[in-house]
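Each chain is listed here by its residues.
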Amino acid sequence: MVKSFTKSTQLFEKSKKVLVGGVNSPVRAFGSVGGTPLFISQAKGAYLWDEDGNRYLDYVGSWGPMILGHAYPSVIAAVQQAAESGTSFGAPTAREIEFARLIQQAFPSMEQIRFVNSGTEATMSAIRLARGFTGRDKIIKFEGAYHGHADYLLVKAGSGATTLGVPTSKGVPASFTEHTLLARYNDLAQVQQLLEQHRGEVAAIILEPVCGNMGLVAPQGPFLQQLAELAKAENVLLIFDEVMTGFRVAFGGAQELYGIRPDLSCLGKIIGGGLPVGAFGGRADIMAHLAPEGPVYQAGTLSGNPLAMAAGHAMIQALAEQKPYSQLNQTAKIIVDGIRERAEQRHIPMVAARLGSMFSFFFTDQAAVTNYDEVQQISADRFKVFYHGMLEQGVYLPPSPYEAWFLSTEHGEAEVEITLSAAEHALDLVKKS
Ligand SMILES: *Cc1c(COP(=O)(O)O)cnc(C)c1O
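Calculation notes
- Residues numbered from 1 in each chain as written.
- Predicted model: local features only at pLDDT ≥ 70, side-chain atom pairs only at ≥ 80, totals over all residues.
- Heavy atoms only, no water.
- Helix = DSSP H or I, 4+ residues; strand = E, 2+ residues; numbered from the N terminus.
- Buried < 20%, exposed > 50% of the residue type's maximum accessible area, 1.4 Å probe, protein only.
- Contact = heavy atoms within 4.5 Å.
- Axes fitted to C-alpha atoms, helices over the stretch in contact; angles between N-to-C directions.
- Left-handed = near helix turned anticlockwise from the far one by under 90°.
- Nonpolar A, V, L, I, M, F, W, Y, C, P; charged D, E, K, R; others polar.
- Near = heavy atom within 4 Å.
- Polar contact = N/O pair within 3.5 Å; in protein donor to acceptor, adjacent residues only side chain to side chain.
- Areas by Shrake-Rupley, 256 points an atom, 1.4 Å probe, with all protein chains shown as cover.
- Salt bridge = Lys/Arg side-chain N within 4 Å of Asp/Glu carboxyl O.
- Phe/Tyr/Trp six-rings, centres within 6.5 Å; stacked < 30°, edge-to-face > 60°.
- Lys NZ or Arg CZ within 6 Å of the ring centre and 35° of its normal.

Within the protein chain, the regular secondary structure consists of 13 helices and 14 strands. Principal-axis analysis of the C-alpha atoms places the extent of the protein chain at approximately 60 × 55 × 45 Å. When burial is assessed residue by residue, the protein chain has 55% of its 433 residues classed as buried. Long-range contacts, defined as pairs at least 24 residues apart, comprise 71% of the intrachain contacts of the protein chain with a sequence gap of at least 6.

This part is about the packing of helix α3 (residues 94–106) against helix α9 (residues 306–322). For the pair α3 and α9, interaxial distance at closest approach is 10 Å and the crossing angle is 30°. Judged by the twist between their axes, the crossing of α3 over α9 is left-handed. Between α3 and α9, the contacting residues are Arg95, Glu96, Glu98, Phe99 and Leu102 on the first element and Pro306, Met309, Ala310, Gly312, His313, Ile316 and Gln317 on the second. Partitioned by chemical class, the residues of the contact of α3 with α9 number six nonpolar, three polar and three charged.

Near the ligand, the surroundings consist of Ser118, Gly119, Thr120, Tyr146, His147, Gly148, Glu208, Asn213, Asp241, Val243, Met244 and Lys269. At a separation of 2.8 Å, an oxygen atom of the ligand approaches a polar backbone atom of Gly119. One of the side-chain N or O atoms of Asp241 is found 2.7 Å from a nitrogen atom in the ligand. When the ligand sits alone it has 380 Å² of accessible area, and the protein chains cover 82% of it. Its residues placed into classes, the shell around the ligand shows three nonpolar, six polar and three charged.

Time to look at the pattern of salt bridges. Opposite charge on two side chains permits them to pair, given that their charged atoms come into close proximity. Applying the stated criterion across every chain yields a total of 11 salt bridges. The partner of Glu13 in a salt bridge is Lys16, and the shortest N-O contact between them spans 3.4 Å. Note that Glu13 and Lys16 are positioned in helix α1 (residues 6–18) at a spacing of three residues, about one turn of the helix. Given a relative accessible area of 38%, Lys16 falls into the partly exposed group.

A word on the packing of aromatic side chains. Per the stated rule, a full pass over the model turns up 17 aromatic pairs. Consider the rings of Tyr185 and Phe223, whose centres lie 5.3 Å apart with planes at 75°: the pair is edge-to-face. Here the residue Tyr185 occupies a position in the loop between β6 (180–183) and α5 (188–197), and Phe223 occupies one in helix α6 (residues 223–233), the gap between them amounting to 38 residues. Geometrically, the ring pair formed by Phe359 and Phe361 is edge-to-face, given 6.1 Å between the ring centres and 65° between the ring planes. We classify Phe361 as buried; its relative accessible area is 5%. By way of ring pairs, the aromatic residues Tyr59, Phe359, Phe361, Phe363, Phe386 and Trp405 are connected into one cluster. A cation over an aromatic ring shows up here: Arg55 above the ring of Tyr47, its NZ or CZ 3.9 Å from the ring centre. Stacked on the ring of Phe251, the Lys or Arg Lys323 has its end atom at 5.3 Å from the ring centre.

Moving on, we come to the environment of Met244. Here Met244 lies in the loop between β8 (237–241) and α7 (253–258). Linking Met244 and Gly64, residues 180 residues apart in sequence, is a C-alpha distance of 6.6 Å. Beyond its immediate chain neighbours, meaning those up to four positions away, Met244 contacts Gly212, Asn213, Lys269, Met358 and Phe406.

Everything listed here is a matter of geometry and, on its own, says nothing about what the molecule does.
Here it is as structure tokens:
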């Protein structure tokens, strides 16, 4: 099965002349796996087609939103219908209320909600609000967690939990990250230590309750519950960044799964049904500090956009009706167990991590991967070989060893079969490499 990438290669060259690096978001450039990014022409169900006409079984799912598969009929119809009535008004609409109420059914902790246009906007606005509400400047985040690209959140690496953060991007003044404290995920003692050191200065702890941006790293044992209790005892706000996990690990996200009621929550990805939507919300007394009711400013020309609201509403409605989570769970388990067994048969050391329909395969001889330090010990070279082996067989994975795979309800038995037989081929290549 030799594929031609002629058109994608030509488009990539052309694109680089006008778009930086040929892409509009860095990971799309295939930097960590090498080769040419595929230019996608269309998608349906579990499949993508590139400009050369190759078909791929898709495990990126637009980085999470496509939980019901691509081009889901009721979402497409909702967008088309909404577009007929105008694409933006810059004024309130009934749709926003309906959609907010639908989200509340899944996330009762979001007593009041504000819609924005991306996950990045949701987290940066939630943090501004937490700072405005508490009158404190510092936040705690975890190493390896991604909360969008706001200046002071681009800190993840290095200096250990007890020192101040160092920016991982040029263009971020060190003074902008001086209020960002870093802790190791799954390490409650470090958080405790930071809170003691900075007593009365920390506005909030923000976290991906289940990490998906360093590969899938799940909370260990009672970590989340203990963290929530600690935050409460120290009078620090708890912000769940559920941009990835919301409507993914359960209908009500990680907070439903683990029975935790965070003070503030951030959503994105799935709630837009593929259109750009983010949201943040939480305790009414905190949200009341947001403009126009309160002094914390936040705004957006296209926030609550009618097309985006229509798409999101159709998506969440479909999820509410179908409750596909146990089916997704089962299929994901078969895939993950299947790939793990095939790696074992070949004596390839690998950690297979899964939570619901998100999963990752780490090429490492560690027994488990529970934090960013451990994630960094994986073999990027082996992943590269595996990646291209899968691609040759028509399976499109996130082009980075630090991203989770996302399953959709359109991945059925035939797709499991395709995946496992592709994995045999790809793992044979890894073995030989
Ligand atoms: C994707 C993601 C974001 C950023 O969302 P954008 O829509 O890309 O700005 C924030 N937090 C988490 C956990 C994410 O996975």
